[in-house]
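Descriptive analysis of the structure
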Amino acid sequence: MLFLEFSLIFLFSFFLAVLASFFNVVIVRTIKEESFSKGRSKCDFCKKQILWYDNVPILSFLWLGGKCRYCHKKIAKVYFLTELTSFLIGVGFGLLFLISPPLQALAIEQLVLYFFIFFVLFFVLLADLQYMIVPDFFVILLLVLVFLLKLVVSGSWLEPIMAVIFSSSFFILLGFVAKKLLKKDALGWGDVKLMIPLAFMLSWPMIAMNIFLAFIIGGFFAMLILISGRKKIGQALPFAPFLILAFVLSFFYGAAIWHWYIGLILR
Ligand SMILES: [Zn+2]
């Protein structure tokens, strides 16, 4: 009886691995400022085109032994690891869905949209951690997904739009002040752009908590990194991971954090 469910989970997980492979291409070609819509993938070293059967997510890396078929140079492990992670995310989420009545109770289109918003955010996190970039492609994809979610869930448009205006003006103002004080760009435009879909989804007033938590977590990590001597003051840190981490916390635990905080003040 479970055969159908497991087959669907396998297909879904493999689809995520394919998507991961494509998202990796998006990230790499964003850095190289190439178009990712056309042109087949090439080996980074010998520039030979990669054959379709050498480009199957997860599997090709294994049967090629992690090396290019032609020049035998090592293929970056990060592609394989993100594809495998995505596959495992699919399996984990599928199994969770099978045993979780609250997930099954959600409308399927809502569940799908929520899932892919967090899945894309995972790749924004990877892109910013590896290369300190937030590809526009992901921001636009997120905008489309949160807009569709808004249509599906319905409800007031006023608070989401207020949240977008609030977060954008906050970051632009902060960037302006920081530039006056530090005489250089302290905030990336990528972070400002990323805030737009996040703010639209979280809505007002939860977006204020997202930004607040991002600075708390970011400040804490910056301190740790400074103490450990891995970076010096003035060196840039990727900020999107903190925004995303704070977004996830605000989205799932925002109300609980708020009550805890209010309880702390009013004690
Ligand atoms: Zn090669």
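Residues numbered from 1 in each chain as written. Predicted model: local features only at pLDDT ≥ 70, side-chain atom pairs only at ≥ 80, totals over all residues. Heavy atoms only, no water.

The next subject is the overall build of the chain. Secondary structure assignment for the chain yields ten helices and zero strands. Starting at the N terminus and walking to the C terminus, you meet the elements of the chain as α-α-α-α-α-α-α-α-α-α. In the chain, buried positions account for 36% of the 267 residues. If you take every contact in the chain between residues at least 6 apart in sequence, the share linking residues at least 24 apart comes to 69%. Counting every atom, the chain has about 16200 Å² of accessible surface; 73% of that belongs to carbon and sulfur. Averaging the positions of the 22 positive and the 12 negative side-chain charges in the chain gives two centres separated by 11 Å. (Helix = DSSP H or I, 4+ residues; strand = E, 2+ residues; numbered from the N terminus. Buried < 20%, exposed > 50% of the residue type's maximum accessible area, 1.4 Å probe, protein only. Contact = heavy atoms within 4.5 Å. Areas by Shrake-Rupley, 256 points an atom, 1.4 Å probe, with all protein chains shown as cover. Lys, Arg positive; Asp, Glu negative; His and termini not counted. Charge placed at Lys NZ, Arg CZ, Asp CG, Glu CD.)

This part takes up the domain arrangement of the chain. Interfaces are often sized by the accessible area lost when the parts come together. Its domain assignment divides the chain into domain 1 (1-105) and domain 2 (135-267). Centre-to-centre separation of domain 1 and domain 2, based on C-alpha positions: 29 Å. Applying the counting rule to domain 1 against domain 2 returns zero salt bridges. Split by residue class, the side of domain 1 that touches domain 2 holds five nonpolar, one polar and no charged. (Domains from an automatic or database assignment. Salt bridge = Lys/Arg side-chain N within 4 Å of Asp/Glu carboxyl O. Nonpolar A, V, L, I, M, F, W, Y, C, P; charged D, E, K, R; others polar.)

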